[in-house]
Amino acid sequence: MEHSRSVLSATTVRRVVTTLAVVLAVLLTSGWLHRTGTVEPDGYTGQLQAWREDRITGTPLPDPLAGPQAVADFFGSVGYRKQVLLAERHPLVVGNLGGVPTEIRYAANRNALAAARDREQLRSHDPRLSAAGRHDAARRVHRLSSLLAEGRQILAFDPAGSGRVAEVVGDLDEAERISVVVPGVDTDLLTFERTRLRYRAPAGMARALHAQQREADPDRRTAVIAWADYTAPRGVKVSAATAGPAEEGARRLTAAVTALPGNATVALFCHSYGSVVCGLAAGGLPDRVTDIAVAGSPGVRAAHAEELGTRARIWAARSPADWIGDLPHLAVGPLGHGPDPADPAFGALPVAAQEVPGHGGYFLPGTDSLTGFGRIGAGLVDRAARGGEGPYCVPRGLPT
């Protein structure tokens, strides 16, 4: 009896080991394991460990958790050449570290993008990968090459998983007003920009908004950040109906806004699930945030604008052609995000959106929503609501 049990146990163990080996082989050959691993020496975790062990002329490097001011003080003390050296040694750390000079972050992210592109180029021809894995690598090569184009200013980049990225349009250091575009579901490295339907992707949204701000007030120096630096839900699934991804996104958004250089006032433009991120972040944002505008919102995890816990003006736009209006704006336990911010009862300032052709069209040039967003971004808040027709009394007097 004991012998049969031991034989059975050994047989079971062999079956389990064989199954695990098959699963591991599939993950390796499909490229999945490479995407989700976080312990590669050239990944962020590996570079962070190297950063903590490094020295510059015998001086330890600052703790990345010390805050942007401590990081800024350190980088201000070491000189430009050593700043560039750190961007070369630890590009993923420096490129994502609040408090690092803007130009050094751009340089670090160019280094990280180039390294990621070279790795994906090798993977795109690796016979050990499946056809789908090689195709995915080739698509990433194309996207990374585009982000490396001359003149692009990448403020944050992480190739891990589906990838995260943030790009600046305009001069961030000289801006009087900074706008941050926070996109919704299905946003990642590959969907950060598009050739077709370009204004439905974060990069296109930011460019359209920046152009509209300049048209609204040519004398106001503005910059716009396409901020896809959080892990967004995939598709309209259960994860998009819960706050989990948005909670992590809200922490990252708060840290990003807190670390912005200079003294410019800030406006957030939050589309779809991105408005959930902004709603959860609102109460912890610095006072320099004067405006939060949501578009096509499923809710912001609050029953009323005043419950967001911010002095910022709250704006809302929703097109009659947007399917989001047909969803039940409810919150039941962990599911749902609450009332529609575009409902007058919510208490947000209205932004006209009668000309928006569906859920993804709020940043389309020529739409009334983009016109209103441009005015908000430029600080012309008295002309932003209801298309700017005539005077409009805007509450919560804040600097513009």
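As the structure is a computational prediction, the values presented were derived from the model and not from experiment. (Residues numbered from 1 in each chain as written. Predicted model: local features only at pLDDT ≥ 70, side-chain atom pairs only at ≥ 80, totals over all residues. Heavy atoms only, no water.)

> Break down the overall build of the chain for me, citing the residues and quoting the values.
The number of helices and strands found in the chain is twelve helices and twelve strands. By residue count, 50% of the 400 residues in the chain fall in the buried class. Summing over all exposed atoms, the chain offers an accessible surface of approximately 18,600 Å²; the carbon and sulfur share of this is 56%. (Helix = DSSP H or I, 4+ residues; strand = E, 2+ residues; numbered from the N terminus. Buried < 20%, exposed > 50% of the residue type's maximum accessible area, 1.4 Å probe, protein only. Areas by Shrake-Rupley, 256 points an atom, 1.4 Å probe, with all protein chains shown as cover.)

> Quick one: what's the story with helix H7 (residues 102-123), residue by residue and with numbers?
When the terminal C-alpha atoms of H7 are compared, their 31 Å separation across 22 residues agrees well with the 32 Å that a helix rising 1.5 Å per residue should span. Buried residues of H7: Thr-102, Ile-104, Arg-105, Tyr-106, Ala-108, Asn-109, Ala-112, Leu-113, Ala-116, Glu-120 and Arg-123, and no others. (Expected span 1.5 Å × (residues − 1).)

> Requested: an account of the state of the cysteines, with residues and values cited.
Applying the stated criterion across every chain, the model contains one disulfide. Each disulfide pairs two cysteine sulfurs, and for Cys-270 the partner residue is Cys-278, the sulfurs being separated by 2.1 Å. Negative torsions about the S-S bond denote left-handed disulfides, and the value of about -90 degrees found for Cys-270 with Cys-278 makes this one left-handed. Taken as a pair, Cys-270 and Cys-278 share a single burial class, namely buried. (Disulfide = S-S within 2.5 Å.)

> Residues and numbers for unusual backbone geometry, please.
In this structure, Asp-186 takes a positive phi of about 65 degrees despite not being glycine. Looking at the secondary structure, you find Asp-186 in the loop between strand E5 (177-182) and helix H9 (202-216). Relative accessible area serves as the criterion here: at 32%, Asp-186 is assigned to the partly exposed category.

> Tell me what's going on with the pattern of salt bridges, and back it up with residues and numbers.
Enumeration according to the criterion identifies 18 salt bridges in this entry. The salt bridge partner of Arg-234 is Asp-188, with a shortest N-O separation of 2.7 Å. Here Arg-234 is found in the loop between strand E6 (222-228) and helix H10 (244-258), whereas its partner Asp-188 is found in the loop between E5 and H9, with 46 residues between them in sequence. Judged by its relative accessible area of 42%, Arg-234 is partly exposed. Judged by its relative accessible area of 5%, Asp-188 is buried. For Glu-248, the salt bridge is made with Arg-252, and the minimal N-O distance between the two is 3.9 Å. Of the two residues, Glu-248 and Arg-252 are both situated in helix H10; the distance of four residues between them amounts to about one turn of the helix. Overall, Arg-252 belongs to the partly exposed group, its relative accessible area being 26%. What emerges from the salt-bridge pattern is a single network uniting Arg-143, Arg-152, Glu-167, Glu-193 and Arg-207. (Salt bridge = Lys/Arg side-chain N within 4 Å of Asp/Glu carboxyl O.)

> Please set out the pairing of strand E8 (residues 289-295) residue by residue, giving values where relevant.
Two faces, one strand: in a regular strand the side chains alternate between the faces of the sheet. Taken across its seven residues, E8 has seven buried, putting it largely inside the fold. With helix H11 (residues 273-281) bridging strand E7 (residues 265-271) and the parallel E8, this β-α-β connection has right-handed handedness. Where E8 lies against strand E9 (residues 313-317), five bridges are found, and the strand directions are parallel. Across the sheet, Ala-295 pairs through a bridge with Ala-317, a residue of E9. (Right-handed = clockwise from strand over helix to strand, strands pointing away. Pairing = 2+ DSSP bridges.)

> Please set out the packing of H7 against helix H8 (residues 131-147) residue by residue, giving values where relevant.
Look at H7 against H8: their axes get within 8 Å of each other, and the N-to-C directions meet at 155 degrees. The angle between H7 and H8 places the two elements in the roughly antiparallel class. Here H7 runs over H8; the crossing is left-handed. Listed contacts from H8 to Leu-113, Ala-116, Arg-117, Glu-120, Gln-121 and Arg-123 of H7 are Gly-133, Arg-134, Ala-137, Arg-140, Val-141, Leu-144, Ser-145 and Leu-147. (Axes fitted to C-alpha atoms, helices over the stretch in contact; angles between N-to-C directions. Parallel < 35°, antiparallel > 145°, perpendicular 65-115°, else oblique. Left-handed = near helix turned anticlockwise from the far one by under 90°. Contact = heavy atoms within 4.5 Å.)

> Outline helix H4 (residues 68-78), listing residues and values.
Buried within H4 are the following residues: Val-71, Phe-74, Phe-75 and Val-78. Down the axis of H4, the smallest arc covering the buried residues is 95 degrees, so these residues share one side. Of the exposed residues in H4, those oriented more than 90 degrees away from the buried face are Gln-69, Gly-76 and Ser-77. Of the surrounding secondary structure, the elements contacted by the buried residues of H4 are helix H3 (44-53), strand E2 (59-60), helix H5 (80-89), helix H6 (91-94) and H7. Positive phi shows up at Gly-79, right after H4, with a value of about 90 degrees. (Arc of directions from axis to C-beta.)

> Please provide a residue-by-residue account of the sheet that holds E5, values included.
With mixed pairing, eight strands are arranged side by side in an open sheet as E3-E4-E6-E5-E7-E8-E9-E12. At either end of the open sheet lies a strand with only one pairing partner, and these are strand E3 (153-158) and strand E12 (349-350). Direction of pairing for E5 relative to E7: parallel, over a ladder of six bridges. Residue pairing for E7: Val-181 is matched across the bridge by Phe-269. Contacts between helix H12 (residues 368-378) and the sheet are confined to E5, E6, E7, E8 and E9, with E5 contributing the most and set at about 135 degrees to the helix.

> Could you give an account of the packing of H5 against H7, with specific residues and numbers?
Running from amino to carboxyl end, H5 crosses H7 at an angle of 30 degrees, the nearest separation of the two axes being 8 Å. Between H5 and H7, the angle falls in the class roughly parallel. As for how H5 packs across H7, the hand of that crossing is right-handed. Judged by residue contacts, Tyr-80, Gln-83, Val-84, Ala-87 and Glu-88 of H5 engage Ile-104, Ala-108 and Asn-111 from H7. Per-class residue counts for the contact of H5 with H7 are five nonpolar, two polar and one charged. (Nonpolar A, V, L, I, M, F, W, Y, C, P; charged D, E, K, R; others polar.)

> Explain the nonpolar core to me, using residue names and the numbers behind them.
Judged by nonpolar contacts, the single largest core of 43 residues is most densely connected at Ile-225, Leu-253, Leu-268 and Ile-292. Ranked by residue count, the leading element in this core is H11, at five residues. Apart from residues no more than four positions distant in its own chain, Leu-268 is found in contact with Val-180, Leu-253, Val-257, Cys-278, Leu-285, Val-289, Asp-291, Ile-292 and Ala-293. Core analysis: the second largest hydrophobic core is formed by 37 residues, Ala-112, Leu-209, Ala-317 and Tyr-362 among them. (Core = buried A, V, L, I, M, F, W, Y, C linked by side-chain atoms within 4.5 Å.)

Just distances and angles here, no functional claims.
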